[in-house]
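Examination of the molecular architecture
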Protein chains: 2
Amino acid sequence: MSRLTLALDVMGGDIGPRITIPASLKALESDPALSLLLFGDSQQIQSELDLLLKNSPSNFRERLEIHHCSRVIANDQGLTSALRHSKGTSMRLAIEAVQHGDAQGCVSAGNTGALMGLSKVILQPLKGILRPALVALLPTMDGHHSVMLDLGANLECTAENLYQFALMGAIFAENQLNLVFPRVALLNIGVEEIKGHKSIRDASNMLSNDSTINYVGFIEGNLLLNGKADVIVSDGFAGNVALKTLEGAAKNVIGLLKGKSHNHLLKPLFGGLMKILFKDSYQRLKTINPDQYNGASLIGLTAVVVKSHGSANVEAFSNAIKDAAFQVRQRIPQKILDGLNKY
Amino acid sequence: MSRLTLALDVMGGDIGPRITIPASLKALESDPALSLLLFGDSQQIQSELDLLLKNSPSNFRERLEIHHCSRVIANDQGLTSALRHSKGTSMRLAIEAVQHGDAQGCVSAGNTGALMGLSKVILQPLKGILRPALVALLPTMDGHHSVMLDLGANLECTAENLYQFALMGAIFAENQLNLVFPRVALLNIGVEEIKGHKSIRDASNMLSNDSTINYVGFIEGNLLLNGKADVIVSDGFAGNVALKTLEGAAKNVIGLLKGKSHNHLLKPLFGGLMKILFKDSYQRLKTINPDQYNGASLIGLTAVVVKSHGSANVEAFSNAIKDAAFQVRQRIPQKILDGLNKY
């Protein structure tokens, strides 16, 4: 694998260095060609590292670079305020490291709106892309994945926006899911041609007329998990509602099955039996669980930016790092640019 | 209970008389003060009745009135075409029976768009209501319900529309769920004040300033099932996506647990154990299953109109009839009108 450096905002999310630093070491362990720039409170970072580096390979220290900054963007900070007061924050400095060429991609678990806003300003959208989008993988019931976008970056979308999301999503799916000619669908409230916003119907026409995209029509919310499409395209509002609704449903079901709200002597037995009989299904259910998510990606920018879940655990944050490394090596931004010019 | 007559479109949906007629008899059985007008193909209706009435109380025949019509509105028919060619269809005649005072409410499992369109034209919105909405009960994880609207009748909504949905939803919840001062929330993609469409933020301000409504703020998709609000208000597009996403997730999970795609000798044992240990939870999961739904209601019209699921079974369609009877007896339209004048 080619050498690469990623810039991490280690302060973002509900989590901070106690999660992001062990996750960084985990990522270094699994990817020997990876180096990391850590942006955040150096004291907190150092105390985590002191604890963990004792038992780590000696070259880890050389592959880590601490960049101290005392300021962070809060999770609940409004976009305007976050952007205005972003100077010197861990998130902004991590993005600027990519801008300056010190790193090839960036990962943060912080404020999504600010991450998108700053990335757009500092890294810029790819030439021709009207709106970068937030994209994530959705597990399907048959054990595969679909790509879904936009997940909240763009609330109001024109037909042209949706069309570009479809294009970006198809290229993302080709690379992330290793698919040829992935099936693209538009999220709608019915499958008939007459349903939904005009922007969706117009995007449907544009996609139908584009033979380079494998457009399969509308998809409704009830089939999101059923693998009917490899790429599911939506405006950011409906996409965010759908994704969070799925996450909530999965979390509730897992809670039910774990018997969180129940007491019964036989419950542990049940749990064990469940795991044996439904091993695959249980794993699949768990993948819908946001705890297991490895984050969403900002797509349509000149560089790779990955947004980890704010509530990520060590494994999830290290998956977000791996994801960013994968996208850099796959040259996703360049491929989207090529795709735009081709279509 | 007071005597009342409902008009049924017995041809609508994927189902037709083989479901709607047994469902009608079931409803008559559980509600001795109910009479039904059956609109549809008299031959099909009669052959179902001949079969079923043998074992039914003798007064059933007097409480049923067959109104023959040979035309139906197709499920996939576009709204414009459906309205233009609606004359003499089972759906239109059932609605007209309410208009003429022959029935006090109407039930159909047919084309939702056409049902809403015809109801608006024939029965008219209540004075002051800008847009009638589609409302349904959502089961919550704690075994209760929330009211959710709009579920697809109004794709683009102004702040004023959302405000009226909140008002109608609150009155619906008071009556259907027997609640005092129900908690009302707006579906959004974040809980911060700065999130979401301008219409949602403006509606939030309007609701905050209205002390007659118990407005509790924004709710995200992941908490829809958690009973955080009694009334969840949304535009019809996002509401429909959220509801269908929930339905799909529930159906998939139930499929998983039933082991549809699995083979194992121990599965029946597991199923039995599951039912014993998780009786409540399993029942709750099943209530999210669309097969168990008793339909949605059109709200904001001068009369009661209930839309059953197109794929309803006998029990579900008879529940839709019961629902309509309940709403007529509760005088929901009148209460909404009173509420509008009060606020």
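Residues numbered from 1 in each chain as written. Chains lettered and ligands numbered in written order. Predicted model: local features only at pLDDT ≥ 70, side-chain atom pairs only at ≥ 80, totals over all residues. Heavy atoms only, no water.

Looking at an unreviewed UniProt entry, chain A carries the name Phosphate acyltransferase, with the source organism given as [Actinobacillus] rossii. If you open the UniProt record of chain A and go to Sequence similarities (unreviewed entry), you find "Belongs to the PlsX family." Word for word, the UniProt comment on chain A under Subunit (unreviewed entry) is "Homodimer. Probably interacts with PlsY." (UniProt positions renumbered as here; feature names shortened; annotations may be inferred.)

Quick notes on the overall build of chain A
Secondary structure assignment for chain A yields 12 helices and 11 strands. Expressed as a percentage of its 343 residues, the buried residues of chain A come to 60%. Across chain A, every contact between residues at least 6 apart in sequence was considered, and the portion connecting residues at least 24 apart equals 74%. Of the roughly 14,000 Å² that chain A leaves accessible, carbon and sulfur atoms contribute 50%. (Helix = DSSP H or I, 4+ residues; strand = E, 2+ residues; numbered from the N terminus. Buried < 20%, exposed > 50% of the residue type's maximum accessible area, 1.4 Å probe, protein only. Contact = heavy atoms within 4.5 Å. Areas by Shrake-Rupley, 256 points an atom, 1.4 Å probe, with all protein chains shown as cover.)

A closer look at the confidence of the model for chain A
All names here are of chain A. Residues with a pLDDT of 70 or more make up 87% of chain A, whose mean pLDDT is 87. Under a pLDDT of 50 for its full length, residues 261–266 has, in the predicted model, 6 contacts with residues more than four places off or in other chains. Scored by ipTM, the complex comes to 0.84, with pTM at 0.86. (pLDDT = per-residue confidence, 0-100.)

Description of the environment of glutamate 247 of chain B
Residues and elements named next belong to chain B. Topologically, glutamate 247 is positioned in helix H8 (residues 236–257). Judged by relative accessible area, glutamate 247 falls into the buried class, the value being 8%. With 240 residues separating them along the chain, glutamate 247 and alanine 7 place their C-alpha atoms 28 Å apart.

Regarding the sheet that holds strand S4 (residues 105–108) of chain B
Hydrogen bonds between backbone groups are what pair the strands of a sheet, and the pairing can be parallel or antiparallel. Residue and element names in this part refer to chain B. Spatially, 11 strands are ordered S3-S2-S1-S4-S11-S10-S5-S6-S9-S7-S8 in an open sheet, and the strand pairing comes out mixed. Every other strand in the sheet has two partners, leaving strand S3 (64–68) and strand S8 (214–219) as the edge strands with one partner each. Ignoring strand direction, the axes of neighbouring strands in this sheet form an average angle of 25°. As defined by bridge partners, strand S10 (residues 296–299) adjoins strand S11 (residues 304–307) across 3 bridges and the pair is classed as antiparallel. Bridging across to S11, serine 297 finds its partner in valine 306. Sheet strands in contact with helix H5 (residues 112–122) are S4, strand S5 (133–139), S10 and S11, and its direction is about 175° off that of S11. (Pairing = 2+ DSSP bridges. Axes fitted to C-alpha atoms, helices over the stretch in contact; angles between N-to-C directions.)

Observations concerning helix H11 (residues 314–330) of chain B
Residue and element names in this part refer to chain B. Helix length check: H11, at 17 residues, gives a terminal C-alpha distance of 24 Å against a target of 24 Å (1.5 Å per residue), a fit within 8%. When H11 is considered as a whole, its buried residues turn out to be Ala316, Phe317, Ser318, Asn319, Ala320, Ile321, Asp323, Ala324, Ala325, Gln327 and Val328. Looking at the residues trailing H11, positive phi occurs at arginine 331, about 55°. (Expected span 1.5 Å × (residues − 1).)

Digging into H5 of chain B
All names here are of chain B. What H5 keeps buried is the set Ala114, Leu115, Met116, Gly117, Leu118, Ser119 and Ile122. Lining the buried residues of H5 we find helix H3 (79–84), helix H4 (90–99), S4, S5, S10 and S11. If you check the start of H5, you find a side-chain oxygen 3.1 Å away from the backbone N of glycine 113, and it comes from asparagine 111. (Polar contact = N/O pair within 3.5 Å; in protein donor to acceptor, adjacent residues only side chain to side chain.)

Some details on the nonpolar core
Within the largest apolar cluster, 158 residues are counted, with the highest numbers of intra-cluster contacts made by Leu149, Leu186, Leu187 and Val233 of chain A together with Leu149, Leu186 and Val233 of chain B. Apart from residues lying up to four places away in sequence, valine 233 of chain B is in contact with Leu149, Leu162, Phe165, Ala166, Val184, Ala185, Leu186 and Leu187 of chain B. (Core = buried A, V, L, I, M, F, W, Y, C linked by side-chain atoms within 4.5 Å.)

Notes on the environment of leucine 137 of chain A
Residues and elements named next belong to chain A. Relative to the helices and strands, leucine 137 resides in strand S5 (residues 133–139). Assessed through its relative accessible area of 23%, leucine 137 is described here as partly exposed. For leucine 137 and isoleucine 232, which are 95 residues apart along the polypeptide, the C-alpha to C-alpha distance reads 10.0 Å.

Quick word on the sheet that holds strand S9 (residues 231–233) of chain A
Residue and element names in this part refer to chain A. Across the sheet, 11 strands lie side by side as S3-S2-S1-S4-S11-S10-S5-S6-S9-S7-S8; this open sheet has mixed pairing. Both edges of this open sheet fall to strand S3 (64–68) and strand S8 (214–219), since each of them pairs with a single strand only. Across this sheet, the average inter-strand angle for adjacent strands is 25°, counted without regard to direction. Where helix H5 (residues 112–122) meets the sheet, it contacts strand S4 (105–108), S5, strand S10 (296–299) and strand S11 (304–307), and its direction lies at approximately 175° from that of S11.

Observations concerning the domain arrangement of chain A
Residue and element names in this part refer to chain A. Taken domain by domain, chain A comprises domain 1 (1–129 + 300–332) and domain 2 (133–292). At the junction of the two partners, domain 1 supplies 13 residues and domain 2 supplies 11 residues. Across the contact surface, domain 1 and domain 2 share 0 salt bridges. Counting across the interface, domain 1 meets domain 2 through 3 residue pairs in polar contact (both at pLDDT 80 or more). Those elements that place two or more of their residues in the side of domain 1 that touches domain 2 are H5 and helix H11 (314–330). (Domains from an automatic or database assignment. Salt bridge = Lys/Arg side-chain N within 4 Å of Asp/Glu carboxyl O.)

Observations regarding the pattern of salt bridges
All names here are of chain B. Applying the stated criterion to the full structure yields 10 salt bridges over all chains. The salt bridge involving arginine 92 is made with glutamate 96; its shortest N-O contact spans 2.8 Å. Of the two residues, arginine 92 and glutamate 96 are both situated in helix H4; the distance of 4 residues between them amounts to about one turn of the helix. We note a salt bridge from lysine 198 to aspartate 202, for which the minimum N-O separation is 2.7 Å. In this pair, lysine 198 and aspartate 202 both sit in helix H7 (residues 198–208), 4 residues apart, roughly one turn of the helix. Overall, the relative accessible area of 27% leaves aspartate 202 in the partly exposed class.

Observations regarding the pairing of S5 of chain B
Residue and element names in this part refer to chain B. Among the 7 residues that make up S5, 6 are buried, leaving the element largely enclosed by the rest of the structure. Sheet analysis places S5 next to strand S6 (residues 145–149), joined by 5 bridges and oriented antiparallel. The partner of alanine 136 across the bridge, within S6, is methionine 148.

Brief notes about the packing of helix H1 (residues 17–30) of chain B against helix H2 (residues 42–53) of chain B
All names here are of chain B. Here H1 crosses H2 at 45°, and the two axes come no closer than 9 Å. Taken together, H1 and H2 sit at an angle that is classed as oblique. In this structure, H1 meets H2 at a crossing whose hand is right-handed. Of the residues in H2, those touching H1 at Pro17, Arg18, Ile21, Pro22 and Leu25 are Gln44, Ile45, Glu48, Leu49, Leu52 and Leu53. Class assignment for the residues of the contact of H1 with H2 results in 8 nonpolar, 1 polar and 2 charged. (Parallel < 35°, antiparallel > 145°, perpendicular 65-115°, else oblique. Left-handed = near helix turned anticlockwise from the far one by under 90°. Nonpolar A, V, L, I, M, F, W, Y, C, P; charged D, E, K, R; others polar.)

Some words on the packing of helix H6 (residues 159–176) of chain B against helix H12 (residues 332–342) of chain B
Residue and element names in this part refer to chain B. The geometry of H6 relative to H12 is characterised by a closest axis approach of 10 Å and an angle of 130° between their N-to-C directions. What the angle tells us is that H6 and H12 run oblique. Handedness of the H6/H12 crossing: right-handed. Residues Gln164, Leu167, Met168, Ile171, Phe172 and Asn175 of H6 touch H12, and the partners they reach there are Ile332, Lys335, Ile336, Gly339 and Leu340. Residue composition of the contact of H6 with H12, by class: 7 nonpolar, 3 polar and 1 charged.

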